[in-house]
Each structure stands twice: as C-alpha cells, then as structure tokens.
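Residues per chain, in single letters:
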Amino acid sequence: LSFSKPFHLILTTEYVGQFLFEFVNEQKTMGLHIDVTVSHGMKETELLVDTRALQQILLNLVQNAQRYQLPGLPVQMSWNPIDRMIEVRDDGPGVNQEDLENIFTPFFTTSHKGTGLGLAISRKLAREMGGDLTYKEGHPGAKFILELRHD
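Keep in mind that what you see is a predicted model, and the values were worked out from it rather than measured.

A. A look at helix H1 (residues 16–29). Between its terminal C-alpha atoms H1 stretches 20 Å, which fits the 20 Å expected from 14 residues at 1.5 Å a residue. Here H1 has its buried residues at Val16, Gly17, Phe19, Leu20, Phe23, Val24 and Gln27. The buried residues of H1 all sit within an arc of 155° when viewed along its axis, so they share a single face. The first or second residue beyond H1 is Gly31, which carries a positive phi of 95°.

B. Local environment of the pattern of salt bridges. Tallied over the entire structure, the rule returns five salt bridges. Among the salt bridges present, the one from Glu128 reaches Lys124, with a minimum N-O distance of 3.5 Å. In this pair, Glu128 and Lys124 both sit in helix H3 (residues 118–128), four residues apart, roughly one turn of the helix. By relative accessible area, which is 22% here, Lys124 ends up partly exposed. Connected via shared salt-bridge partners are Arg123, Arg127 and Asp132.

C. Fine view of the nonpolar core. In terms of nonpolar packing, the biggest core is built from 34 residues, with Met77, Ile86 and Phe144 touching the most fellow members. Of the residues forming this core, the biggest block, seven residues, is contributed by helix H2 (residues 51–68). In contact with Ile86, other than residues within four places in its own chain, are Val16, Leu20, Leu54, Leu58, Met77, Ser78, Trp79, Phe144, Ile145, Leu146 and Leu148.

D. Expanded view of the packing of aromatic side chains. According to the stated counting rule, one finds two aromatic pairs in the structure shown. Consider the rings of Phe104 and Phe144, whose centres lie 6.2 Å apart with planes at 85°: the pair is edge-to-face. Highlighted residues: Phe104 in the loop between strand S5 (85–89) and H3 and Phe144 in strand S7 (residues 142–147), separated in sequence by 40 residues. For the residue pair Phe104 and Phe144, the accessibility class agrees, reading buried in each case. Positioned above the aromatic ring of Phe104, the side-chain terminus of Arg123 is 3.7 Å from the ring centre.

Rules used throughout
Residues numbered from 1 in each chain as written. Predicted model: local features only at pLDDT ≥ 70, side-chain atom pairs only at ≥ 80, totals over all residues. Heavy atoms only, no water. Helix = DSSP H or I, 4+ residues; strand = E, 2+ residues; numbered from the N terminus. Expected span 1.5 Å × (residues − 1). Buried < 20%, exposed > 50% of the residue type's maximum accessible area, 1.4 Å probe, protein only. Arc of directions from axis to C-beta. Salt bridge = Lys/Arg side-chain N within 4 Å of Asp/Glu carboxyl O. Core = buried A, V, L, I, M, F, W, Y, C linked by side-chain atoms within 4.5 Å. Contact = heavy atoms within 4.5 Å. Phe/Tyr/Trp six-rings, centres within 6.5 Å; stacked < 30°, edge-to-face > 60°. Lys NZ or Arg CZ within 6 Å of the ring centre and 35° of its normal.

If you want it as structure tokens, here you go:
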C-alpha cells in the first residue's frame, strides 16, 4: 500500500561522492563486498537529494547485484558527477530478454528471495527526486543506472 502513496521528499544539498563512500563503508561493515569509483576524482559535487530515498535506492541495487554477483567478486559502483549518474553493476548472468519489460513492475521477481518491489520502489523514488533509474545490459552482468536530478 505504501508503494502507491507519494513519497514525502526532504531535499538537502549533499556531496554525492562522499555520500557514496560512506554508504559503501557502512555496507562493508555488514559484510557486503562493494568497490566504488568516482569518475574524474570529483567527490565534491553537490546535488539536491533526499538522503533516505537515495540510501534506499542504493541498498536495493546493491543487494540485487550482490545476489547475482559471481563468487569472490565485488559489486561495482561508480559515480560520474558530470552526467550525475550512479552505476551499480555485477558480473552475473544479467536480466533475461523476456524479463526486461517487467523488471520495474511491482511484484515481478525472478528470485525466490525477493518480493518484486525493490526495483519498482527504487525507480519510483528516483523519479520523485527528478531523476530516473534504468537498466543496461552489462557484458557480462547487469548494470543499473541511477540518474540524479539536473537543475
């Protein structure tokens, strides 16, 4: 039911690169294996975001990537401040062609562990912040791109 309600945004100015490093370090303390890179060495880019929404999106993407990542390899996350895009990728099997049109549909899942709400909620939050969440096929794996608001 909460999926159908608008999310109440609380926008604050954040250094997104720094936010990502803190998020990754927090996830590492909980046992997730993640590497993060910041394109062009720019951690200082400030954007207007809702930190709760951004954290939820990243958590959903990282948990999905971790589920499908090849054993022993880290989930890759990168931040491109010029394009204002965060990419989360894994080296797993990727998304089947027949599932592509449904991956952002609520309750659609191919995992016995998932509810089918993570990607749907993440895209909804991204769009409510003025951005978007899309999928691109990785070679190998899956690549999800979170585009943040352009002012």
